[in-house]
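Read off the chains here:
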Amino acid sequence: MDQHIANISLLVTDYDEAIDFYTKKVGFSLIEDTDLGAGKRWVQVAPSTQQGSALLLAKASTPEQIAAIGQQAGGRVFLFLQTDDFWRDYHAMTLAGVTFLEQPREESYATVVVFSDLYGNKWDLIERK
């Protein structure tokens, strides 16, 4: 059996502002942006070297979805961005204006820092040891 997670849906308020944040501040690539009509788009972003999973930027359209923007993990870290060079990515993201919620720290398993996306979802930037 060959399975993998292809996309993780991330609720956003606006496709273009989300594309801008993930491509210009986090350094992801725009994989696809297809107009589906009626104001819907199929938008995927992923780290440039990513093989497999991508974020599917999904514009919230119901009151329940709108209420969940930025709280998809109930205030916990939602996604983990693993890197092969923590300090390169940390400095690039800092210069691009990404909001970090703490100072980088050395743990027994990794160098890690929590950052927030433009909606308030928490992410770990992590380089495993």
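Residues numbered from 1 in each chain as written. Predicted model: local features only at pLDDT ≥ 70, side-chain atom pairs only at ≥ 80, totals over all residues. Heavy atoms only, no water.

Asker: Explain the environment of Lys-25 here, please?
Answerer: Looking at the secondary structure, you find Lys-25 in helix α1 (residues 15-25). The partly exposed category is assigned to Lys-25, whose relative accessible area is 29%. When the C-alpha atoms of Lys-25 and Thr-94 are compared, they prove to be 8.4 Å apart, with 69 residues separating the residues in sequence. If sequence neighbours within four positions are ignored, Lys-25 has contacts with Asp-20, Met-93, Ala-96, Gly-97 and Val-98. (Helix = DSSP H or I, 4+ residues; strand = E, 2+ residues; numbered from the N terminus. Buried < 20%, exposed > 50% of the residue type's maximum accessible area, 1.4 Å probe, protein only. Contact = heavy atoms within 4.5 Å.)

Asker: How should I be thinking about the pairing of strand β2 (residues 28-37) in this particular structure?
Answerer: Along any regular strand, the residues point their side chains to alternate faces of the sheet. Pairing geometry for β2 and strand β3 (residues 40-47), over eight bridges, is antiparallel. Within β3, the residue paired with Glu-32 across the bridge is Gln-44. Taking the residues between adjacent antiparallel strands as the criterion, β2 and β3 are bridged by two residues, where Ala-38 takes a positive phi near 55 degrees. (Pairing = 2+ DSSP bridges.)

Asker: Explain the nonpolar core to me, please; I cannot follow it from the model alone.
Answerer: As a rule of thumb, soluble globular proteins bury nonpolar side chains together. Within the largest apolar cluster, 28 residues are counted, with the highest numbers of intra-cluster contacts made by Tyr-22, Val-26, Leu-55, Leu-57 and Phe-115. When contributions to this core are tallied by element, the ones reaching two or more residues are β1 (7-12), α1, β3, β4 (54-59), β5 (77-82), α3 (86-96), β8 (110-116) and β9 (122-128). Per element, the largest residue contribution to this core is five residues, and it comes from α1. Those residues in contact with Phe-115 that sit more than four places away from it in its chain are Val-26, Leu-81, Met-93, Val-98, Thr-99, Phe-100, Leu-101, Asn-121, Lys-122, Trp-123, Asp-124 and Leu-125. (Core = buried A, V, L, I, M, F, W, Y, C linked by side-chain atoms within 4.5 Å.)

Asker: So what exactly am I meant to see when it comes to the sheet that holds β1 here?
Answerer: Strand pairing in a sheet takes place through backbone hydrogen bonds and is either antiparallel or parallel in direction. Sheet architecture is open: four strands sit in the order β1-β4-β3-β2, paired in mixed fashion. With one partner strand each, in any of the chains shown, β1 and β2 form the two edges of the open sheet. Between one strand and the next, the sheet's axes are offset by a mean angle of 25 degrees, whatever the strand orientation. Alignment of β3 against β4, held across three bridges, turns out to be antiparallel. Counterpart to Val-45 in the pairing with β4 is Leu-55. Sitting on the sheet, α1 is in contact with β1, β2, β3 and β4, with an inclination near 10 degrees to β3. (Axes fitted to C-alpha atoms, helices over the stretch in contact; angles between N-to-C directions.)

Asker: Explain the side chain of Ser-116 here, please?
Answerer: Tracing the backbone through its elements, the reader meets Ser-116 in strand β8. Once you skip the residues sitting within four places of it in the chain, Ser-116 turns out to touch Phe-21, Val-98, Thr-99, Leu-101 and Asn-121.

Asker: Just checking my understanding: could you explain unusual backbone geometry for this structure?
Answerer: Glycine aside, the phi torsion of most residues is negative, and most peptide linkages are trans. A positive phi is found at Ala-38, a non-glycine position, where the angle reads about 55 degrees. Secondary-structure assignment places Ala-38 in the loop between β2 and β3. Assessed through its relative accessible area of 87%, Ala-38 is described here as exposed.

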